[in-house]
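# Examining the three-dimensional arrangement
Here's the letter readout for the chains.
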Amino acid sequence: MNRTVLISGGGVAGLALAYWLQREGFTTTLIERSPELRSGGQAVDIRGVALDVVKAMGLHDAVYARRTRLGGMSIVDAEGREIERTEERTFSAGRLDSDDIEIFRDDLCGLLLNQVGEHVEYIYGDSITAIQQDANSNAVSFRSHPDRHFDFVIGADGVYSNVRKLVFGSDTSFVKPLGVTMALFTTPNLIDLQSWQLAHREETVGYVIYPSFDQTQLRVGVGFGAEPGEVSRNDVAAQKAMIATKCKHLGGYFPQLLDAMRDTSQFYCGDLAQIHMPGWTQGRVALVGDAGYCASPFSGQGTSLALVGALILAKALAQTPEDFALAFAAYEERMRPFVKLNQELVDMERRGHVPDDQLTAAKYGISLDGLL
Ligand SMILES: Cc1cc2nc3c(=O)[nH]c(=O)nc-3n(C[C@H](O)[C@H](O)[C@H](O)COP(=O)(O)OP(=O)(O)OC[C@H]3O[C@@H](n4cnc5c(N)ncnc54)[C@H](O)[C@@H]3O)c2cc1C
């Protein structure tokens, strides 16, 4: 029987889900708010069991070849002067001698999109405005496309998920703010940084800078303490002005980067948060990745959770196609302990240190037996 699925969000979770669903024979449509695949952002990590998932997708070698390849990092003071140097780890990736793969988010999404290929219908530059469920399907309305029906709708639209708001309720019920705002932006490689990371951390503000894969750009990540809502969600000019104010005391090369930030279109800013929900499915709608269980960049596990969650959800739907309630229950049951382990990393990280055994438990804390 032909089953139709609409995925909202073309990030890691949405693209990975599209890959597995089309392989299982579902007719899949993916809608992404951006006019094209989103570029920019910093690097993300693929670790533990998620490496088995990318292997099973036939992507491991390509992902490995595209890894960030950083040689180490310098911790710098507010003037950008080196105060510590190491070739053993970086701030973003942890130990460099582990099997983990660090890759720029847009590079990973590009590889995923390529692997999904033409078997999926893509709608870019649009968004869902309403979802009306009945016993047999979802009637979906869009901002600029005609209404359509789908058997299932999956929200893979990130930490401030649209599908979650439309179907499960307001953010206040599920969003646990972490009191930190993060801005990510891209500039030309104005300081000729080569395969190396720069990190600065002080009480009010911190940053991490690294060159893009081809070394022509810098990817800059700035974090600072802020109350939720202190930065406007949609006003990019106001966001940029706030970053400039928060960073105005930083010297050395940093003023140059702030100047370049004003002109870049590759800019992303948001309040860091975790998502805690009692259930990730309602009727014929489900959530996957950050939309349902964001652990936040502090965990370093968001991308791995998204890759694993997408696999488990797709396989569950494929295993009991006639009984989606059973499939959704199986997805929840298998994923929830893994999510809990990974979300708990963040409290440890913020208290100062994640013990090695806890990190290993989180990276490998789910069995994919029978799925790959
Ligand atoms: C631009 C960007 C940069 C990021 N950079 C980093 C980083 O540097 N480090 C890090 O650890 N994590 C970063 N993340 C988060 C990281 O990608 C996720 O934690 C992880 O990969 C899980 O992915 P996800 O697909 O669940 O969510 P996301 O990666 O957030 O993807 C969600 C997707 O849904 C789309 N979307 C949002 N709203 C709608 C809507 N209404 N309709 C349709 N589509 C919608 C978004 O444009 C996005 O493509 C970034 C996310 C984004 C969007």
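Remember, predicted model here, so these are calculated numbers, not experimental data.

### Some details on the nonpolar core
Val288, Val308 and Met335 are the most contacted members of the largest nonpolar core, which has 82 residues in total. Sort the elements by how many residues they give to this core and helix 9 (residues 302–319) lands first, with 11 residues. Excluding its chain neighbours within four sequence positions, the residues that come into contact with methionine 335 are Trp280, Tyr293, Leu305, Val308, Gly309, Ile312 and Ile366. In this structure, Val222, Met242, Ile243 and Leu257 belong to the second largest nonpolar core, which totals 26 residues.

### Considerations on the environment of serine 39
With respect to the helices and strands, serine 39 occurs in the loop between strand 2 (27–32) and strand 3 (43–46). Given the relative accessible area of 42%, serine 39 is considered partly exposed. For the pair serine 39 and phenylalanine 168, spaced 129 residues apart in the sequence, the C-alpha separation amounts to 29 Å. For serine 39, the residues in contact, after removing those within four places along its chain, are Asp106 and Gln266.

### A look at the sheet that holds strand 12 (residues 148–150)
Pairing in this open sheet of 3 strands is antiparallel, and the strands run 10-11-12 from one edge to the other. Each end of this open sheet is capped by a strand with a single partner; those strands are strand 10 (128–133) and strand 12. Recorded for the sheet is a direction-independent mean angle of 30° between the axes of neighbouring strands. Examined bridge by bridge, strand 11 (residues 138–142) and strand 12 share 3 bridges and lie antiparallel to one another. Within strand 12, the position partnered with asparagine 138 by the bridge is phenylalanine 150.

### Considerations on the site of the ligand
Taken together, 29 residues sit near the ligand, with Ala13, Glu32, Arg105, Asp290 and Thr303 positioned nearest. The backbone of alanine 13 places a nitrogen or oxygen atom 2.9 Å from an oxygen atom of the ligand. The contact in question runs from an oxygen atom of the ligand to an N or O atom on the side chain of arginine 105, over 2.8 Å. Isolated, the ligand exposes 900 Å² of accessible area, and the fraction of that covered by the protein chains is 91%. Of all the secondary structure elements, the ones that give two or more residues to the shell around the ligand are helix 1 (12–23), strand 2, strand 3 and helix 9. Broken down by element, the shell around the ligand gets its largest block of residues, 3 residues, from helix 9. Its residues placed into classes, the shell around the ligand shows 10 nonpolar, 13 polar and 6 charged.

### Looking at the domain arrangement of the chain
As assigned here, the chain comprises domain 1 (4–71 + 100–174 + 274–363) and domain 2 (177–273). A C-alpha centroid distance of 25 Å is found between domain 1 and domain 2. The partner domain 2 presents 22 residues to the 28 residues of domain 1 that form the contact. Counting across the interface, domain 1 meets domain 2 through 1 salt bridge. Salt-bridge contacts for arginine 219 lead to aspartate 106; the nearest nitrogen and oxygen are separated by 3.1 Å. On the surface where domain 1 and domain 2 come into contact, there are 8 residue pairs in polar contact (both at pLDDT 80 or more). Secondary structure elements with two or more residues in the side of domain 1 that touches domain 2: strand 8 (101–104), helix 4 (105–116), strand 18 (267–275) and helix 10 (324–351).

### Considerations on the pattern of salt bridges
Oppositely charged side chains are able to pair whenever their charged atoms sit close together. Counting across every chain of the model gives 17 salt bridges. Note that glutamate 82 is salt-bridged to arginine 85, the shortest N-O span being 2.9 Å. For the salt bridge of glutamate 332 with arginine 336, the shortest nitrogen-to-oxygen distance reads 3.2 Å. Taken together, the residues span about one helical turn, with glutamate 332 and arginine 336 both in helix 10 at a distance of 4 residues. Judged by its relative accessible area of 13%, glutamate 332 falls in the buried class. Overlapping salt bridges bring together Arg47, Asp100 and Lys363 as one network.

### A word on the sheet that holds strand 13 (residues 152–155)
Sheet strands pair by backbone hydrogen bonding; their relative direction is either parallel or antiparallel. Read from one edge to the other, the open sheet built from 6 strands follows the order 9-2-1-13-20-19, with strand pairing classed as mixed. Looking along the sheet, the strands with just one partner apiece sit at the ends: strand 9 (121–124) and strand 19 (281–282). The sheet contact formed by strand 1 (residues 4–8) and strand 2 spans 5 bridges and is parallel. Each bridged residue has a counterpart across the sheet, and for leucine 6 the counterpart in strand 2 is threonine 29.

### Some details on unusual backbone geometry
Of note, the phi angle at aspartate 192 is positive, near 50°, even though the residue is not glycine. Examined against the element boundaries, aspartate 192 turns out to sit in the loop between strand 14 (175–188) and strand 15 (197–201). Even without being a glycine, glutamine 215 presents a positive backbone phi close to 70°. In this structure, glutamine 215 sits in the loop between strand 16 (205–211) and strand 17 (217–225).

Cut-offs used in this document
Residues numbered from 1 in each chain as written. Predicted model: local features only at pLDDT ≥ 70, side-chain atom pairs only at ≥ 80, totals over all residues. Heavy atoms only, no water. Core = buried A, V, L, I, M, F, W, Y, C linked by side-chain atoms within 4.5 Å. Buried < 20%, exposed > 50% of the residue type's maximum accessible area, 1.4 Å probe, protein only. Helix = DSSP H or I, 4+ residues; strand = E, 2+ residues; numbered from the N terminus. Contact = heavy atoms within 4.5 Å. Pairing = 2+ DSSP bridges. Axes fitted to C-alpha atoms, helices over the stretch in contact; angles between N-to-C directions. Near = heavy atom within 4 Å. Polar contact = N/O pair within 3.5 Å; in protein donor to acceptor, adjacent residues only side chain to side chain. Areas by Shrake-Rupley, 256 points an atom, 1.4 Å probe, with all protein chains shown as cover. Nonpolar A, V, L, I, M, F, W, Y, C, P; charged D, E, K, R; others polar. Domains from an automatic or database assignment. Salt bridge = Lys/Arg side-chain N within 4 Å of Asp/Glu carboxyl O.

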